[in-house]
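Each chain, letter by letter, is given below.
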Amino acid sequence: MKDLFFSELRRFRLVALIAMLAHLLILLFLNRMTDLLQQAYFESVPFFAFYLVLGLALALVQVGSYRKPSQWLWLMHRPLSTSKIFGALALSALTLLVIVMLLPMLVLVLGTDLFTSKVVDARHYMTAVHLLAFAMMAWLAGAHACVSHHKAAIAVLAAPILLSMHLISVWWLLLPVSLALLWLGWITLKSFRANRDAPVQGNITLLLTALPLQFGFFLLVFELGSFLFVTGSIMAGTDPLNTEYPPKGGVIESLRAEPNKAMVLALEGSEDERAESWRQQLPLMEPLRLYPSVHRFPLRHQLSNLNVPTQWYDETRNIFWTFSHDRMLFHGRNPQNGSDHGWWGVNGTGDLTPFSEVPFALHEGYLMTRSALYAIDEDSNRPHELLRLAQGEQFVNIPERRFNRMFLLTNQRVLAYRDDRQAVSAYAPPILDWQLPLPDGVAQLEFVDIAELLDGWLVSTMYGEGHRQIGFNQFHHYAMPFQQVLYVDDEGRASLVYEREIHRDHSPLQQVDWWFSPLLHLLAEWPDSVLDKGLTWPLKADALPDVPVFYPVAIGLMLASFIIAVLWLRRVPMNATRRYVWLINCALLGVPALLALICLEPRRARA
């Protein structure tokens, strides 16, 4: 094993050393152009994709070179057990990735930590380790595909990546990443066998191999089908998002309407005696529209920064303040000469009282956490706490100032504040003018329109079909859209004026993939529903959605998959237990399991 390990290192040593130096120079160059340690996650995506490709390419070159039958026999017929051969290749690949990837990243982070006044936290060191782990996952998936009977086995990479790649604490991320590495390592180890065309041995190994493959097919086939359906709809001119006029009475019509027109639409069916007067006044008004624009808050020790600033600039003193997750304080640095300006805590400069949550900075001079809003006093260089929400309540938008009020949206209420004109300090907490509980929380809320009347306020809340885009992820749940209009009088008392149902513009079969494979749908949503990802509306997995059309379609697909699996397995020699495992698998997981069966259990040729 030792000889094979060093043989593999000698094989790639020159390329690895050149790649390491090139990687280090590129990182140093980019770090001169921008602060790599503080970039947002979407800026890190190219790096993440590059490291995945690097791990995959190494597997294809290293293990793929043994794919020829003669080379494979030469590799496997050594006086070594199969596990030691796999171990030597995997350890050599890990060593090469450490040299090429990890060492340059650690040089960058350690150099920044030791020789500059920039903020370097423990999470930055751990992020480098996690990137190495994801590259190793790609190597394992690539090695598995190289030695598998079917090249589609590369799809096993989808499940471990999607189940372990989350913007959570780097410490909590160790658990899913470790499990994913063990999972991929086990199935790749078992795929190293003398006869590569032989079926996977052992029912446990078979299930562990089939599950990520099925998960990959579940995502790939549904997304491909959705793409083709949308493309066909656009070509036919029936896609609701690509028509000159959106469907009458649908969600898109309300979303595209200006706030005053959307409120007029909401009042069309109202029999309230004041509705007609409001319909005539609204076109002359400019109502305020609030969105649940804050989708997630930064978490402590998060893998990468969100697309919200955790830095702010003090122009008066020429200090750039960057938040440290280790100290939960802002650290000051002069961007011109790099001089250190100490720490900035809850009570301002020099205070070491940490923030309880990671704040982000707003352009208007605010700092916001999940439950607290601060204003930065530029004269005294300290924050003033303006608002603090009750436990369980959190902000979902940034403050909006209109109508001499400050409006905020939480996951429970619409809040309208007015300035305390009798206060001595300009940073005195505002006074609550009125509040309005949201009729159905914030999960499917699209917007809130607010119009000021002579004797009160008109507030419209609009709920959509259940589509959410958070970063690069899309979340779909079935929901029935509706819109409410409420009147808030001068005393802050609210009364319902009208509620209307809105037509869905999209078919639930197109929107939600539950019917394609209910169990895999739950598996795909499970990490997002159990992990604390800082979402302002935690996702809840819906095991049995209230959509009648889903059930016959899902049962039909599972039954068809089961029947086709029975026919397929008639020409595949295997024992009864293995046959039952596959049939139960196809009956429970449907089409993705059937595709995995076709890949992993090739049929015997007709005589």
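### Re the UniProt feature "transmembrane region" (unreviewed entry) in the chain
Here's step 1: With numbering aligned to this structure, UniProt lists the feature "transmembrane region" (unreviewed entry) at residues 12-33, 45-64, 85-110, 122-141, 153-186, 206-230, 549-568 and 580-600.
Here's step 2: Annotated as 100% helix and 0% strand, the span residues 85-110 places its first and last C-alpha atoms 35 Å apart.

### A short note on the pattern of salt bridges
Here's step 1: The full count for this structure, using the stated rule, is 15 salt bridges.
Here's step 2: Between arginine 11 and glutamate 8 there is a salt bridge, with its nearest N and O atoms 3.0 Å apart. Within this pair, arginine 11 and its partner glutamate 8 are both found in helix H1 (residues 2-33), separated by three residues, close to a single helical turn.
Here's step 3: Put simply, arginine 370 and aspartate 532 hold a salt bridge, and the shortest N to O gap is 3.2 Å. Taken as a pair, arginine 370 in the loop between strand E8 (366-368) and strand E9 (372-377) and aspartate 532 in the loop between helix H13 (518-530) and helix H14 (550-569) lie far apart in primary sequence, 162 residues in all.

### Some thoughts on the sheet that holds E8
Here's step 1: Reading across from one edge, E7-E8-E9-E10 is the order of the four strands in this open sheet, with antiparallel pairing throughout. The strands lining the two open edges of the sheet, one partner per strand, are strand E7 (360-361) and strand E10 (382-388).
Here's step 2: As defined by bridge partners, E7 adjoins E8 across two bridges and the pair is classed as antiparallel. Counted as the bridge partner of phenylalanine 360 is methionine 368 from E8.

### Remarks on the packing of aromatic side chains
Here's step 1: One pass over the structure, following the stated rule, counts 30 aromatic pairs.
Here's step 2: Consider the rings of phenylalanine 5 and phenylalanine 6, whose centres lie 5.2 Å apart with planes at 70°: the pair is edge-to-face.
Here's step 3: By relative accessible area, phenylalanine 5 is classed as buried at 18%.
Here's step 4: Seen in terms of ring centroids, phenylalanine 407 and tryptophan 457 are 5.8 Å apart; in terms of plane orientation they differ by 75°. Their pairing is edge-to-face. Of this pair, phenylalanine 407 sits in strand E12 (residues 405-409) while tryptophan 457 is found in strand E16 (residues 456-463), placing the two residues 50 residues apart along the sequence.
Here's step 5: Taking the relative accessible area as the measure of exposure, tryptophan 457 reaches 5% and is therefore buried.
Here's step 6: Three or more aromatic residues link up through ring pairs in this structure, and these residues are Trp312, Trp321, Phe323, Phe330, Trp344, Phe355 and Tyr374.
Here's step 7: The ring of tyrosine 487 carries the charged tip of arginine 274 above its face, separated from the ring centre by 5.0 Å.
Here's step 8: Sitting over the ring of tryptophan 343, arginine 327 keeps its end group 4.4 Å from the ring centre.

### Thoughts on the nonpolar core
Most often, soluble globular proteins have nonpolar side chains that are buried together.
Here's step 1: Leu75, Met137, Trp139, Leu213, Leu569, Trp582 and Leu597 are the most contacted members of the largest nonpolar core, which has 98 residues in total.
Here's step 2: Take this core: its biggest share by element is 16 residues, from helix H5 (residues 122-147).
Here's step 3: Here leucine 75 is in contact with Leu4, Tyr66, Ile85 and Leu89, once residues within four sequence places are set aside.
Here's step 4: One finds Val396, Phe407, Val414 and Val459 within the second-largest nonpolar core, a separate group that totals 25 residues.

The rules behind each value
- Residues numbered from 1 in each chain as written.
- Predicted model: local features only at pLDDT ≥ 70, side-chain atom pairs only at ≥ 80, totals over all residues.
- Heavy atoms only, no water.
- UniProt positions renumbered as here; feature names shortened; annotations may be inferred.
- Helix = DSSP H or I, 4+ residues; strand = E, 2+ residues; numbered from the N terminus.
- Salt bridge = Lys/Arg side-chain N within 4 Å of Asp/Glu carboxyl O.
- Pairing = 2+ DSSP bridges.
- Phe/Tyr/Trp six-rings, centres within 6.5 Å; stacked < 30°, edge-to-face > 60°.
- Buried < 20%, exposed > 50% of the residue type's maximum accessible area, 1.4 Å probe, protein only.
- Lys NZ or Arg CZ within 6 Å of the ring centre and 35° of its normal.
- Core = buried A, V, L, I, M, F, W, Y, C linked by side-chain atoms within 4.5 Å.
- Contact = heavy atoms within 4.5 Å.

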